[in-house]
Number of protein chains: 2
Amino acid sequence: MKTIIPLLCTALFSLPAAQAAEQSQQAALRSPSQIIAEAPAADWRRADPDNTLFIDTRAGRVIVELASDMAPRSAANIKALARGHFYDGLSFYRVVDGFVAQAGDKTGNKPMGKAERHVPAEFSMMRRNDKAFTPIPGPDGYAPQTGFLHGFPAARNPDTGETWLVHCPGAFAFGREADINSGGSEFYIVIGGPQRYLDRNTTVFGRVLEGMEVVQKLQRGHQAMGMLENPAANEILSLRVAADLPAKEQQPIEILRTDSASFADLVAARRHRPEDWFVARPDYVDVCSVGVPSRRGDD
Amino acid sequence: MKTIIPLLCTALFSLPAAQAAEQSQQAALRSPSQIIAEAPAADWRRADPDNTLFIDTRAGRVIVELASDMAPRSAANIKALARGHFYDGLSFYRVVDGFVAQAGDKTGNKPMGKAERHVPAEFSMMRRNDKAFTPIPGPDGYAPQTGFLHGFPAARNPDTGETWLVHCPGAFAFGREADINSGGSEFYIVIGGPQRYLDRNTTVFGRVLEGMEVVQKLQRGHQAMGMLENPAANEILSLRVAADLPAKEQQPIEILRTDSASFADLVAARRHRPEDWFVARPDYVDVCSVGVPSRRGDD
């Protein structure tokens, strides 16, 4: 995710005396870009190449981090499919602007090698008192509590411990038929606003770390359900696990730890928007609008 | 906005007896697509050509409905600029993926004809007990109450009557400098998820009715602040008020009235998701996820 910056926030303006006190209070909070720039090395982690997918299209590369912890069988299955080169030559055959880009084998007949054709639903998981879950202040209409789990936007029911990953832009999930256990190879990426109503209806098991701009370049489908007339236009040239590439091609990516002090400061800054430009400060941020910063690491 | 349909919701499945009662209750609610298809003619209104902009780019046409009622001076100004052909040959010179596409005269020097260089901020308006505002059930983290006003996603404070348009995907607004009254010609379109933290910080005065897919085709900028190295790639060929075109080129668009019974049913269906495919029903919808249906009218 890119750091979000105010529009045209270039000129400073002289403040009337009445605003000075408030201004000085706001100055104690650093801006999101300052927080990210100043985050110590320990607040960053390196994405695990064994849980990173490179999806190469004609428009460029999309990099996905898998949430193996939350959806182990789904993550293992897509890695098995990637390792059998299952997706190479398939395509994003259904792309609905403002909604999702969906890819895989539309026919359902392609051999799957060592992978399973269907994996059981991993819509949510019981994780009572999980210290790794970093909550953010509510309200949220779709869940009792929202926050982040190992870098992924998530939600949970604090009473039961039920925890799930949520459909923010860039969410990576398996599609399914009516049977909840019918997913396993066709995946989709959320390309519009959040699609939170799909939470706990499909298995979200990753998010796009880099390349949403590439996904946005995919051709949209205009047949029923957003199917493309010519899916080959959105061909997947290759889909690989980063760990399987030579070390120098693994493009190490660092992600700000969502359980770090820097991330807590970032959430606060997004809530309170200390920059001078703002005249109405929201004092709130929804889970999909925080953004988990990432950057290219050193090779 | 396109109707959003569940993923791969094609196959029906036989229900265990235990679910039959719930199923029959859900069946009483029609699906969003049924509601839209069955909405009577009286529940649709025709977009006013005098408040409709056609923005033509190399990638196609973007159609914007102006909220003249909520931001009369901003709407009047952009129409005056359009009528002076101010935007023709300018470009979307700043495009940040997942955030906004911004257009206008980057230099700030282009003559403005009969338009004003800057218009006063129209961030919100006092509309106590306004019957035209259709609230939807909360919670919403950014505003005391959300809903729709003449087809536009909006929010208000019921205690004071302060009402404002909100930054959903497709929102159309004037950018500004630090001075709140510095907008007037540079506009932006929200191209990522909602940017609600900008609410009441800029003047939202329209929304994209058609052509978000075209906006998504614009080239992204990779210089500081998302500026394009070559803005001409995103040239605006022409920007016109629909009413100024010959009648047969006005492409009449019909919009579902947000104060109609059909729209109330649509909000309920989006909240409860009666379709069989869902196993977890949200019982909630945020103001940016309802979608105000529109369709081409008869010429």
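Residues numbered from 1 in each chain as written. Chains lettered and ligands numbered in written order. Predicted model: local features only at pLDDT ≥ 70, side-chain atom pairs only at ≥ 80, totals over all residues. Heavy atoms only, no water.

Thoughts on the overall build of chain A
Argument step 1. Within chain A, the regular secondary structure consists of five helices and 16 strands.
Argument step 2. Projected onto the principal axes, the alpha-carbon positions of chain A cover approximately 70 × 45 × 40 Å.
Argument step 3. The burial tally for chain A puts 60% of its 299 residues in the buried class.
Argument step 4. When the accessible surface of chain A is split by element, carbon and sulfur atoms take 52% of a total near 12,000 Å². (Helix = DSSP H or I, 4+ residues; strand = E, 2+ residues; numbered from the N terminus. Buried < 20%, exposed > 50% of the residue type's maximum accessible area, 1.4 Å probe, protein only. Areas by Shrake-Rupley, 256 points an atom, 1.4 Å probe, with all protein chains shown as cover.)

Section: the interface of chain B and chain A
Argument step 1. Between chain B and chain A, the residue contacts involve 51 residues of the former and 51 residues of the latter.
Argument step 2. Here chain B packs against chain A, burying approximately 4,800 Å² in sum over the two surfaces, 64% of which is carbon and sulfur.
Argument step 3. Looking at side-chain class alone, the side of chain B that touches chain A contains 28 nonpolar, 11 polar and 12 charged residues. (Contact = heavy atoms within 4.5 Å. Buried area = accessible area lost by both parts, 1.4 Å probe. Nonpolar A, V, L, I, M, F, W, Y, C, P; charged D, E, K, R; others polar.)

With respect to the state of the cysteines
All names here are of chain A.
Argument step 1. All told, the structure shown has two disulfides over all chains when counted by the stated rule.
Argument step 2. The disulfide that involves cysteine 168 links it to cysteine 288, with 2.0 Å between the sulfurs. Because the sign of the S-S torsion sets the handedness, a value of about -80° for the bond joining cysteine 168 and cysteine 288 places this disulfide among the left-handed ones. Of this pair, cysteine 168 sits in the loop between β10 (162-165) and β11 (171-174) while cysteine 288 sits in the loop between α5 (261-272) and β16 (294-296), placing them 120 residues apart in sequence.
Argument step 3. Cysteine 168 sits in the buried class, given a relative accessible area of 4%. (Disulfide = S-S within 2.5 Å.)

Brief notes about the environment of A:His167
Residue and element names in this part refer to chain A.
Argument step 1. The topology assignment puts histidine 167 in the loop between β10 and β11.
Argument step 2. The exposure class assigned to histidine 167 is buried, which follows from its relative accessible area of 0%.
Argument step 3. For the pair formed by histidine 167 and asparagine 157, sequence separation is 10 residues and the distance between their alpha carbons is 16 Å.
Argument step 4. Setting aside anything within four residues of it in sequence, one finds histidine 167 in contact with Ala173, Tyr188, Val190, Pro194, Gln195, Arg196, Leu198, Asp199, Thr202, Val204 and Cys288.
Argument step 5. A polar contact is formed between the side chain of histidine 167 and the side chain of tyrosine 188, at a distance of 2.5 Å. (Polar contact = N/O pair within 3.5 Å; in protein donor to acceptor, adjacent residues only side chain to side chain.)

Observations concerning the relation of the copies chain B and chain A
Argument step 1. Superposing chain B onto chain A requires a rotation of 180° together with a translation of 0.0 Å along the rotation axis, leaving an RMSD of 0.0 Å. Such a combination of rotation and displacement between the chain copies is what one expects of a two-fold axis. Among all residues of chain B, the one whose C-alpha sits closest to the rotation axis is B:Gly193, at a distance of 1.9 Å.
Argument step 2. When the interface residues of chain B are mapped onto chain A, 100% of them again lie at the interface, so the same face is used by both copies. (Least-squares fit on C-alpha atoms with pLDDT ≥ 70 in both.)

Section: the pattern of salt bridges
A side chain with one charge can pair with a side chain of the opposite charge if their charged atoms come near.
Residues and elements named next belong to chain A.
Argument step 1. All told, the structure shown has 38 salt bridges over all chains when counted by the stated rule.
Argument step 2. In this structure, arginine 73 engages glutamate 116 in a salt bridge whose closest nitrogen and oxygen atoms are separated by 3.1 Å. A residue pair is termed long-range when its members are at least 10 positions apart, and arginine 73 in helix α3 (residues 72-83) and glutamate 116 in the loop between β5 (100-104) and β6 (125-126) qualify at 43 residues.
Argument step 3. Overall, glutamate 116 belongs to the partly exposed group, its relative accessible area being 33%. (Salt bridge = Lys/Arg side-chain N within 4 Å of Asp/Glu carboxyl O.)

Focus on the packing of aromatic side chains
Argument step 1. Applying the stated rule across the entire model yields 20 aromatic pairs over all chains.
Argument step 2. Consider the rings of A:Phe174 and A:Phe205, whose centres lie 4.4 Å apart with planes at 40°: the pair is tilted. Taken together, the residues span a long stretch of sequence, with A:Phe174 in strand β11 and A:Phe205 in strand β13 (residues 203-210) at a distance of 31 residues. Taken individually, A:Phe174 and A:Phe205 each receive the classification buried, so the pair is uniform in this respect.
Argument step 3. Pairing B:Phe92 with B:Phe187 gives two aromatic rings, centres 5.8 Å apart and planes at 85°, and the pair type is edge-to-face. With B:Phe92 in strand β4 (residues 91-95) and B:Phe187 in strand β12 (residues 187-190), this pair connects stretches of sequence that are 95 residues apart. In this structure, B:Phe92 and B:Phe187 share a single accessibility class: buried. (Phe/Tyr/Trp six-rings, centres within 6.5 Å; stacked < 30°, edge-to-face > 60°.)

Some details on the sheet that holds strand β2 (residues 52-57) of chain B
All names here are of chain B.
Argument step 1. Ordered by their spatial adjacency, eight strands build an open sheet running β4-β5-β12-β11-β13-β3-β2-β14, and the pairing between neighbours is antiparallel. Looking along the sheet, the strands with just one partner apiece sit at the ends: β4 and β14 (236-241). Across the sheet, the axes of successive neighbouring strands diverge by a mean angle of 30°, strand direction being ignored.
Argument step 2. Two elements, β4 and strand β5 (residues 100-104), share four bridges in a ladder whose sense is antiparallel. (Pairing = 2+ DSSP bridges. Axes fitted to C-alpha atoms, helices over the stretch in contact; angles between N-to-C directions.)

Re helix α5 (residues 261-272) of chain B
All names here are of chain B.
Argument step 1. Between the first and last C-alpha of α5 there are 17 Å, a value that for 12 residues agrees with the 16 Å anticipated at 1.5 Å per step.
Argument step 2. Here α5 has its buried residues at Ser262, Phe263, Leu266, Val267, Ala269, Arg270 and Arg271.
Argument step 3. Taken together, the buried residues of α5 touch α2 (32-38), β7 (133-136), β8 (145-149) and β15 (253-256).
Argument step 4. Positive backbone phi, at 45°, marks arginine 273, one or two positions downstream of α5. (Expected span 1.5 Å × (residues − 1).)

Let's talk about the side chain of B:Arg94
All names here are of chain B.
Argument step 1. If you trace the backbone, arginine 94 turns up in strand β4.
Argument step 2. Here arginine 94 is buried and forms no salt bridge, its nearest opposite-charge partner glutamate 186 lying at an N-O distance of 8.0 Å.
Argument step 3. In this structure the side chain of arginine 94 is engaged in a polar contact, spanning 2.5 Å, whose partner is the backbone oxygen of methionine 225. (Lys, Arg positive; Asp, Glu negative; His and termini not counted.)

Topic: the pairing of β2(B)
All names here are of chain B.
Argument step 1. Most of β2 sits inside the fold, with six of its six residues counted as buried.
Argument step 2. Here β2 shows no split at all, with Thr52, Phe54 and Asp56 on one side and Leu53, Ile55 and Thr57 on the other all buried.
Argument step 3. Note that β2 and strand β3 (residues 60-66) share six bridges and pair antiparallel. Directly across from leucine 53, in β3, lies its bridge partner valine 64.
Argument step 4. A loop of two residues connects β2 with β3, the two strands running antiparallel in sequence.
Argument step 5. By the bridge criterion, five bridges tie β2 to β14 in an arrangement that is antiparallel.

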